[in-house]
Amino acid sequence: MSENKLSFRALQLANEQRTAYGLRYNDFTRYRKHCANRTHRLRSTLKMTHGKGREFKKLPPLSTDNIKDGNLELLLFESERAWAYSQDLITQSLQPANEDQAGTLRHSATGRFRRAVHWSTQLLSHCQSLYASSHLSAEGLMQITIYTLILNGRFLRYRDSFEDALIQLSVARHLLDELVECAATSRDQALATVFADEIGPEIRYCAHELGRERAYDVDAIAAELSEKHRGEIVEGCDALIQKFRQEGEVAGKGVGKKKLTTLMWEGQPVPVRNPELVDVLLRVQEAEAKITQSREPARTEGASDKGRKGKSGGHGSKKGVAAYDAILLALSDAEEVGRKLVEAQQNSGSSSTSAAGTRDIHFVHAYIVYQLLSRRIQRDLLLVSALLTSHRPQASAKPKKEHVDARLYPAVVKLLDTVIQGLAQMRNLSIVDESPDLAAAVEARLTFTKARRCSYLAHCYVAVKKYAEALSLIQHATIYLRETRSTLSIFSEDPISSASPAYYPLTSSDLDALESVITQDGLTIKNEWFAYNGGSIDADNKTYKKPLFFDIALNYVQLDMDRLLERAGKASAPPLVPVQAVPAKSRLEEVARPKTPEPQAPAKGGLSSLLEGWWGRK
């Protein structure tokens, strides 16, 4: 008999159609047209047309033997169509342009509303017959019962029958609470929560009109009235609830993966009150489980392969980076769904339908954005670590100058820019701003990341011989690091490092390590700058020529320091030497003079002088 059971879920089908076709923005005209088209297609599919032309073909009556899911859907869409038309007419009657026709529009809306109640009552009678013949589950009957009670209660409230409307809506609220408590999946639980939130303000309004003192306590009113009148309103209500609980226990054994774990924020649960959010958050939960499972083998492999080369570590880190794609995609979808729900609530002009003091859809959207940014930051930091590990030089016996790929530091700076952007967006979230410790922790990581970015950006400037800019960045990094220390000293326990997962752990040892690196980089840059152009601001070193063999020449050439000091104008005055007295010469002293040379005989000329020269005569 279980094979012939119909899988008809009235609340689930109504919620899906309303969300997809206009009621998210209170567009009743669009939803009414959609329901009209859907009823026409269902009639054609089920062959329930009344013939062609003037020939009328009477349809056979429905029974438990020939009824199908399509027949129940047709009755549901007929009821939805009439209800949407009534709401559209009520909206038109409230417009100032239709003030003259307001009475006529309200009268037509009442007729359409009554027609919707008629279709829903007819649907409920068919479902009760199917349930009695075991063709429909207890959950299916409970959903259509709740749908009928809500529609009838709204009609009575529209007719100002507040007492009867309050009873109908209270019994529906009690059945919805049973669905929430015994739901097999988180989606069914969120579905019941949506309808419970919708009728909560209507119960409060009816109680206020009746003059109840505690009209704001919806739960207490629903519990009080449902206990008195549920047996009168719903036939066999207690037996139906008991049957539903038994079916829930059997069905809940095989759907453990569809249960969403409780989301916590600062020790308080985060309510997920929408089926669409449940679907995307289930995918987030599965992706987180895969990341957790992938970390355990990685840790075991890393512990056993400590003696191997660094290639295995880099390969593992790249796999870890790729593992974040699934969870980031799921969180992006969840953020989009949450943003649409927030926009729909703002555009419709309605306030939050959740109970007072609870966290609304704005809080849930901010929580999802925080999780998305934290996972994105965690992925980027892991990618930075993978890049630096893959380009880390191997230790050798001879110290050599480190040769780093020119693309490494710009890539690291770009990743740190995305981390800074994510932290800045996280700092502006309302849930972060409301927590002083968390805001201070995010601010500390923001300044710490800026210090790291300045450090790596300085290396980029050193590569192009811009040492002045590099030193300026080092100074900025020192200032950011000082701000980080002062921020971390505000709170005793870091809320990010103690959270699970800790997406950005930050300790005092990290600050000390970065400070030592910045100090060493500053000294290295100063030495390179002085060797490049003597520390001149001008980056061009053509005007500066250092004598390469100056030190070698001093080993072979005697350096006259006195002469250098004298040319520099720093020479000291020469010491005074005492002058000795010279005795005066006497007038009678004879002066030695050279002898006067004797006159020589004049040279002979002619042949005789020539012959005398041959024979040795003078």
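Residues numbered from 1 in each chain as written. Predicted model: local features only at pLDDT ≥ 70, side-chain atom pairs only at ≥ 80, totals over all residues. Heavy atoms only, no water.

1. Focus on the overall build of the protein
Regarding its fold elements, the protein presents 21 helices and two strands. Every one of the 618 residues in the protein was classed for burial, and the buried ones make up 38%. Long-range contacts, defined as pairs at least 24 residues apart, comprise 75% of the intrachain contacts of the protein with a sequence gap of at least 6. When the accessible surface of the protein is summed, it comes to about 38,600 Å², and 52% of that surface belongs to carbon and sulfur atoms. (Helix = DSSP H or I, 4+ residues; strand = E, 2+ residues; numbered from the N terminus. Buried < 20%, exposed > 50% of the residue type's maximum accessible area, 1.4 Å probe, protein only. Contact = heavy atoms within 4.5 Å. Areas by Shrake-Rupley, 256 points an atom, 1.4 Å probe, with all protein chains shown as cover.)

2. Concerning the packing of helix α1 (residues 10-20) against helix α5 (residues 138-158)
One way to put it is that α1 packs onto α5 with a least axis distance of 7 Å and a crossing angle of 60°. The pairing of α1 with α5 is recorded here as oblique in orientation. In contact with Ala10, Leu11, Gln12 and Arg18 of α1, α5 contributes Gln143, Ile144, Ile146 and Tyr147. Grouping the amino acids of the contact of α1 with α5 by side-chain chemistry returns five nonpolar, two polar and one charged. (Axes fitted to C-alpha atoms, helices over the stretch in contact; angles between N-to-C directions. Parallel < 35°, antiparallel > 145°, perpendicular 65-115°, else oblique. Nonpolar A, V, L, I, M, F, W, Y, C, P; charged D, E, K, R; others polar.)

3. Concerning the nonpolar core
Here is a general trend for soluble globular proteins: nonpolar side chains tend to be buried in one another's company. The biggest cluster of nonpolar side chains holds 72 residues, and the ones touching the most others in it are Leu277, Tyr370, Ile431 and Val432. In terms of residue count, the dominant contributor to this core is helix α16 (residues 436-463) (14 residues). Of all hydrophobic cores here, the second largest spans 67 residues; its members include Cys35, Ile67, Leu166 and Val171. (Core = buried A, V, L, I, M, F, W, Y, C linked by side-chain atoms within 4.5 Å.)

4. Describing the packing of aromatic side chains
Under the criterion given, the structure shown has nine aromatic pairs. Centre to centre, the rings of tryptophan 265 and tyrosine 370 are 5.1 Å apart; their planes meet at 80°, and the pair counts as edge-to-face. Of this pair, tryptophan 265 sits in strand β1 (residues 264-265) while tyrosine 370 is found in helix α13 (residues 361-390), placing the two residues 105 residues apart along the sequence. When sorted by exposure, tryptophan 265 lands in the same class as tyrosine 370, which is buried. Three or more aromatic residues joined by ring pairs make a cluster, and in this case those are Trp265, Tyr367, Tyr370 and Tyr503. For the cation-ring pair, arginine 32 lies above tyrosine 85, with the distance from its terminal atom to the ring centre recorded as 4.5 Å. The ring of tyrosine 504 carries arginine 445 above its face, with NZ or CZ at 5.9 Å from the centroid. (Phe/Tyr/Trp six-rings, centres within 6.5 Å; stacked < 30°, edge-to-face > 60°. Lys NZ or Arg CZ within 6 Å of the ring centre and 35° of its normal.)

5. Focus: helix α8 (residues 218-233)
With 16 residues, α8 should cover 22 Å at 1.5 Å per step; its first-to-last C-alpha distance of 19 Å lies more than 12% under that length. Helix geometry: α8 is bent most strongly at glutamate 227, by close to 50°. Every buried residue belonging to α8 is among Val218, Ile221, Ala222, Leu225 and Ser226, and all of these are buried. Those residues of α8 hidden inside the fold are in contact with α6 (162-181) and α7 (186-209). If you check the start of α8, you find a side-chain oxygen 3.4 Å away from the backbone N of alanine 220, and it comes from aspartate 217. (Expected span 1.5 Å × (residues − 1). Bend = angle between axes of the 7 residues up to and from the residue. Polar contact = N/O pair within 3.5 Å; in protein donor to acceptor, adjacent residues only side chain to side chain.)

6. What to know about the confidence of the model for the protein
Of all residues in the protein, 79% have pLDDT values of 70 or greater, and the mean over the chain is 83. Ignoring residues within four places in sequence, the model shows residues 303-316, a span with pLDDT below 50, making zero contacts including any to other chains. When the criterion is pLDDT under 50, residues 395-400 qualifies, and its contacts beyond four places in sequence or with other chains add up to zero contacts. (pLDDT = per-residue confidence, 0-100.)

7. Concerning the pattern of salt bridges
Summed over the entire model, instances satisfying the criterion amount to 31 salt bridges. Across the pair aspartate 217 and arginine 214 runs a salt bridge whose closest N-O atoms are separated by 3.5 Å. Its relative accessible area of 22% is what places aspartate 217 among the partly exposed residues. For the salt bridge of glutamate 288 with arginine 375, the shortest nitrogen-to-oxygen distance reads 3.7 Å. (Salt bridge = Lys/Arg side-chain N within 4 Å of Asp/Glu carboxyl O.)

8. A look at α16
Relative to the 40 Å expected for 28 residues at 1.5 Å per residue, α16 spans 41 Å between its end C-alpha atoms, a close match to the ideal helical length. Looking one or two residues past α16, lysine 465 carries a phi angle of roughly 65°, positive in sign.

9. Section: unusual backbone geometry
At asparagine 26, a residue that is not glycine, the phi angle is positive and equals roughly 60°. Turning to its location among the elements, asparagine 26 is positioned in the loop between α1 and α2 (28-46). Within the chain, aspartate 160 stands out as a residue other than glycine whose phi angle is a positive 65°. Residue placement: aspartate 160 occurs in the loop between α5 and α6.

10. Concerning a negative patch on the surface
Taken together, the side chains of Glu266, Glu434, Asp437 and Glu493 make up a negatively charged region of the molecular surface. When you line up the elements, aspartate 437 lands in helix α16. (Patch = residues over 30% accessible without salt bridge, like charges linked within 9 Å, V, L, I, M, F, W, Y side chains within 5 Å. Lys, Arg positive; Asp, Glu negative; His and termini not counted. Charge placed at Lys NZ, Arg CZ, Asp CG, Glu CD.)

11. Description of the packing of helix α17 (residues 467-488) against helix α18 (residues 508-533)
Two elements in contact, α17 and α18, have axes whose closest approach is 10 Å; the angle formed by their N-to-C orientations is 165°. Accordingly, the angle class assigned to the pair α17 and α18 is roughly antiparallel. Once α17 is placed against α18, the crossing between them reads as left-handed. For the pair α17 and α18, the contacting residues are Tyr467, Ala468, Ala470, Leu471, Ile474, Ala477, Thr478, Leu481, Thr484, Arg485 and Leu488 in the first and Leu511, Asp512, Leu514, Glu515, Ile518, Asp521, Gly522, Ile525, Lys526, Glu528, Trp529 and Tyr532 in the second. (Left-handed = near helix turned anticlockwise from the far one by under 90°.)

12. Some points on the environment of isoleucine 90
Tracing the backbone shows isoleucine 90 in helix α3 (residues 69-93). Taking the C-alpha atoms as reference, isoleucine 90 lies 10.0 Å from glycine 103; in sequence the two are 13 residues apart. What isoleucine 90 contacts, discounting residues up to four positions off in sequence, is Ala109 and Tyr158.

13. Section: the environment of alanine 172
Of note, alanine 172 is situated in helix α6. Spatially, the C-alpha atom of alanine 172 lies 9.8 Å from that of isoleucine 233, the residues being 61 residues apart in sequence.

14. As for the environment of threonine 104
By the secondary structure assignment, threonine 104 is in helix α4 (residues 102-132). Overall, the relative accessible area of 54% leaves threonine 104 in the exposed class. In this structure, the C-alpha to C-alpha distance between threonine 104 and serine 93, residues 11 residues apart in sequence, is 8.3 Å.

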